[in-house]
Amino acid sequence: MNLLPKSSKEFGSVDYWEKFFQQRGKKAFEWYGTYLELCGVLHKYIKPREKVLVIGCGNSELSEQLYDVGYRDIVNIDISEVVIKQMKECNATRRPQMSFLKMDMTQMEFPDASFQVVLDKGTLDAVLTDEEEKTLQQVDRMLAEVGRVLQVGGRYLCISLAQAHILKKAVGHFSREGWMVRVHQVANSQDQVLEAEPQFSLPVFAFIMTKFRPVPGSALQIFELCAQEQGKPVRLESAERLAEAVRERQQYAWLCSQLRRKAKLGSVSLDLCDGDTGEPRYTLHVVDSPTVKPSRDNHFAIFIIPQGRETEWLFGMDEGRKQLAASAGFRRLITVALHRGQQYESMDHIQAELSARVMELAPAGMPAQQQVPFLSVGGDIGVRTVQHQDCSALSGNYVIEDVQGDDKRYFRRLIFLSNRNVVQSEARLLKDVSYKAQKKRKKDRKKQRPADVEDFPAAPGQSIDKSYLCCEHHKAMIAGLALLRNPELLLEIPLALLVVGLGGGSLPLFVHDHFPKSCIDAVEIDPSMLEVATQWFGFSQSDRMKVHIADGLDYIASLAGGGEARPCYDVIMFDVDSKDPTLGMSCPPPAFVEQSFLQNVKSILTPEGVFILNLVCRDLGLKDSVLAGLKAVFPLLYVRRIEGEVNEILFCQLHPEQKLATPELLETAQALEQTLRKPGRGWDDTYVLSDMLKTVKIV
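This is a predicted model, so every value here is computed, not measured.

**Description of the packing of helix H16 (residues 552–560) against helix H17 (residues 595–603)**
And then number 1: H17 packs onto H16 with a crossing angle of 55° between their chain directions and a minimal axis gap of 9 Å. If you check the angle between H16 and H17, you find them oblique. Here the hand of the crossing between H16 and H17 comes out left-handed. On H17, the residues that touch Gly 552, Leu 553, Ile 556, Ala 557 and Ala 560 of H16 are Phe 597, Asn 600, Val 601 and Ser 603.
And then number 2: Residues of the contact of H16 with H17, tallied by class, amount to 6 nonpolar, 3 polar and no charged.

This is the structure:
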């Protein structure tokens, strides 16, 4: 028996509903959920002694069940004479105080201010089928009548799917009347969804519109969203922001439904926000492993990434997360990254906070009551201490933070918040300057100082381990010095370097400290980065190392135009990021590999020098083009891929006869390394130059 209308317009027809209830008989029809699914919201906003009007009651059992738990003063109206007759017959004896009346809700016969609550379960949705003028006029009459029969302080409680045009109409109407507008998502509605189409699911919402006494001249509008039954409502600044927040929850419900259906969605990530502030608290990535054979206990697991480790390849890149999921052996793994700026008590607290929400992302076929394991590394949530936050006119918002690595050593990082999962610069802290030691010294200083004196860490840059290079691509760039002639003599002969892109300064600082005859020009476009490098990463200028605040393009063009007086460098290094996230190449900016600019680079490089470039390019076609352009200017081109990262280090030289076969290159690197490892030079024993060049390929 097909009870669906031929078109949505029939929902507003008396004849349709008469026929509907005649054919359906006395079997209850529940729009958007049963009493058990809605009772949490209903009991929150309706008091048992209040007088309630239910509009468009149909043959739903909702009023009956409210009556049975103590809500006795309920009046039900509907436009269908058939259903009103049915409901009177069913309830006359068992519920004598509850009444059913045939009445048009757009022309109600009740006196003004007759009710404290008007309850609507799907009626507004049924009437507001489109945005044609005739439909909108009918809805205006309906909502005006709702406002007329409600007392001041009364509430219009409307259960709805909150489709965009319905939300816009309801919120717009009542906010203009000066009412308080709240939208409350029905708890767990993603598990009790209305399947409007085979491939789409919508969550259920309750609109709670509270009638305020009109205040002449007042423009106050109140918009709130409550995402959980027990959660606090969040105040929003506008109707548009409220609509956006509702849309986000609808999209989340759709995502959950697709994940349950095993839909192939590609890479899936989402943010879970703090219920009180609306700020992102957790970032989740859903990773499916289709090659894992299903078994009783391997359906689903959650992996908590310790603070500060979300930037590692295994956790921060799609390929890394796929490897993690495969090695964990689960059909679906959800990785959870913790946001900076949020407070987390413990791993147990995080598990309790996430348990209900992540279960909504469980795969199809997982047995009921299946216990879902929470996994991690190290057994704790990690340590992240934000030391400094600021905003650069060129680079945007950034933070300096100290994090604990997997070896319990502490590292300082520079993060641009526009790309928060990428470490811009990193340095290891000295062993005796641990987070706990800093806290203890800070506490001791506070005991000795007046309470009104603000406390900052003393000389934060002095705690940096300058002998250690954290970034693998920096290690490879240093190893490229083995391509110079007689590299074993580099500690004894002058070495001129140009480094474009300062960041935290660790790359030029390492060269400065380990090659005593080197003279370095560093170019940085952002003056804020020089301040960051100096204050937080132990960088300092000297008579052998100068920083030039300039655009690297302009600086090199100026040098190249200097004629015979132009300087020549033995080594030129580019480690420059792009500020445009839409490009397929994030390092360097495309202008740095244009032919005309590469000719400028060539003109300031010594004949036997080496040009070293950090390339980060996900667009394979663009990368091939870049390599071809470099090869046209620098005939000898080596490529060294950084394992587990997108970075590739390019070593460019002018003369093909300089080419070294891999054995020769490794032998040269070992000779340079032996010189650097001499006592007193502070060389890090874990850094093996020759290892950096084993996988070098000639293009």
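Next comes the rest of the write-up.
**Observations regarding helix H4 (residues 81–91)**
And then number 1: Residues Val 83, Ile 84, Gln 86, Met 87 and Asn 91 constitute the buried set of H4. Looking straight down H4, one finds that the buried residues subtend no more than 160° of arc, so they occupy a single side. Among the exposed residues of H4, those pointing more than 90 degrees away from its buried face are Glu 81 and Lys 85.

**Some points on the environment of Ile 222**
And then number 1: Its location among the elements puts Ile 222 in strand E10 (residues 222–226).
And then number 2: Along the chain, Ile 222 and Gly 178 lie 44 residues apart, while their C-alpha atoms are 8.3 Å from each other.
And then number 3: Ile 222 has contacts with Trp 179, Met 180, Val 181, Phe 212 and Arg 235, leaving out every residue within four places of it along the chain.

**Remarks on the pairing of strand E4 (residues 115–121)**
And then number 1: Across the 7 residues of E4, 6 count as buried, placing the element largely inside the fold.
And then number 2: With 4 bridges joining them, strand E1 (residues 52–55) and E4 adopt parallel strand pairing. By the bridge assignment, Ile 55 is partnered in E4 with Asp 120.

**A few points about the environment of Asn 76**
And then number 1: On the secondary structure map, Asn 76 appears in strand E2 (residues 74–78).
And then number 2: Taking the relative accessible area as the measure of exposure, Asn 76 reaches 0% and is therefore buried.
And then number 3: Residues Asn 76 and Phe 100 lie 24 residues apart in sequence; the distance between their C-alpha atoms is 4.7 Å.
And then number 4: Ignoring any residue separated from it by four or fewer positions in sequence, one finds Asn 76 in contact with Val 54, Cys 57, Ser 63, Met 98, Ser 99, Phe 100 and Leu 101.
And then number 5: Within the structure, the side chain of Asn 76 is placed 2.5 Å from the side chain of Ser 63, a separation counted as a polar contact.

**Notes on helix H18 (residues 620–633)**
And then number 1: Its 14 residues place the ends of H18 20 Å apart at the C-alpha level, agreeing with the 20 Å of an ideal helix rising 1.5 Å per residue.
And then number 2: Residues Lys 623, Val 626, Leu 627, Gly 629, Leu 630 and Val 633 constitute the buried set of H18. Along the axis of H18, the buried positions cluster into a sector of 160°, meaning they face one direction only. Looking at H18, the residues exposed on the side facing more than 90 degrees away from the buried face are Leu 620, Asp 624 and Ala 632.

**A look at the confidence of the model for the protein chain**
And then number 1: In the predicted model, the protein chain carries a mean pLDDT of 83, and the fraction of residues at 70 or more is 84%.
And then number 2: Every residue in residues 1–7 is under pLDDT 50, and counting partners more than four places away or in other chains gives 11 contacts.
And then number 3: Confidence drops under a pLDDT of 50 for residues 434–459, and excluding neighbours within four residues, the segment shows 21 contacts in the predicted structure.

**Concerning the state of the cysteines**
And then number 1: The full count for this structure, using the stated rule, is 0 disulfides.
And then number 2: Looking at the unpaired Cys 471, the closest cysteine sulfur is the one in Cys 470, lying at 6.2 Å.
And then number 3: Relative accessible area serves as the criterion here: at 11%, Cys 471 is assigned to the buried category.

**Overview of the pattern of salt bridges**
And then number 1: Tallying each qualifying case throughout the model produces 22 salt bridges.
And then number 2: One salt bridge in this structure joins Asp 402 and Arg 412, with 2.8 Å as the shortest N-O distance. Of the two residues, Asp 402 is situated in strand E18 (residues 396–404) and Arg 412 in strand E19 (residues 410–416); the sequence distance between them amounts to 10 residues. In this structure, Asp 402 and Arg 412 share a single accessibility class: buried.

**Some points on the sheet that holds E2**
And then number 1: If you trace the 9 strands from one edge of the open sheet to the other, you get E3-E2-E1-E4-E5-E9-E6-E10-E11, paired in mixed fashion. Both outer strands of the open sheet, strand E3 (99–102) and strand E11 (234–236), are each paired with one neighbouring strand and no more. The mean inter-strand angle of the sheet, taken between neighbouring strand axes irrespective of direction, is 20°.
And then number 2: Inspection of the sheet shows strand E5 (residues 150–160) paired to strand E9 (residues 205–210) by 6 bridges, in the antiparallel sense. Paired with Cys 158 across the bridge in E9 is Phe 207.
And then number 3: Where helix H6 (residues 133–149) meets the sheet, its contacts fall on E1, E4 and E5, and the angle it forms with E5 comes to roughly 140°.

**Side note on the pairing of strand E15 (residues 332–338)**
And then number 1: Most of E15 sits inside the fold, with 7 of its 7 residues counted as buried.
And then number 2: Residues Arg 332, Ile 334, Val 336 and Leu 338 of E15 are buried on one face, and the alternating residues Leu 333, Thr 335 and Ala 337, pointing to the opposite face, are buried as well.
And then number 3: Pairing of strand E14 (residues 300–305) with E15, which is carried by 6 bridges, proceeds in the parallel orientation. Looking across to E15, one finds that Phe 300 is bridged to Arg 332.

Conventions used here
- Residues numbered from 1 in each chain as written.
- Predicted model: local features only at pLDDT ≥ 70, side-chain atom pairs only at ≥ 80, totals over all residues.
- Heavy atoms only, no water.
- Axes fitted to C-alpha atoms, helices over the stretch in contact; angles between N-to-C directions.
- Helix = DSSP H or I, 4+ residues; strand = E, 2+ residues; numbered from the N terminus.
- Parallel < 35°, antiparallel > 145°, perpendicular 65-115°, else oblique.
- Left-handed = near helix turned anticlockwise from the far one by under 90°.
- Contact = heavy atoms within 4.5 Å.
- Nonpolar A, V, L, I, M, F, W, Y, C, P; charged D, E, K, R; others polar.
- Buried < 20%, exposed > 50% of the residue type's maximum accessible area, 1.4 Å probe, protein only.
- Arc of directions from axis to C-beta.
- Pairing = 2+ DSSP bridges.
- Polar contact = N/O pair within 3.5 Å; in protein donor to acceptor, adjacent residues only side chain to side chain.
- Expected span 1.5 Å × (residues − 1).
- pLDDT = per-residue confidence, 0-100.
- Disulfide = S-S within 2.5 Å.
- Salt bridge = Lys/Arg side-chain N within 4 Å of Asp/Glu carboxyl O.

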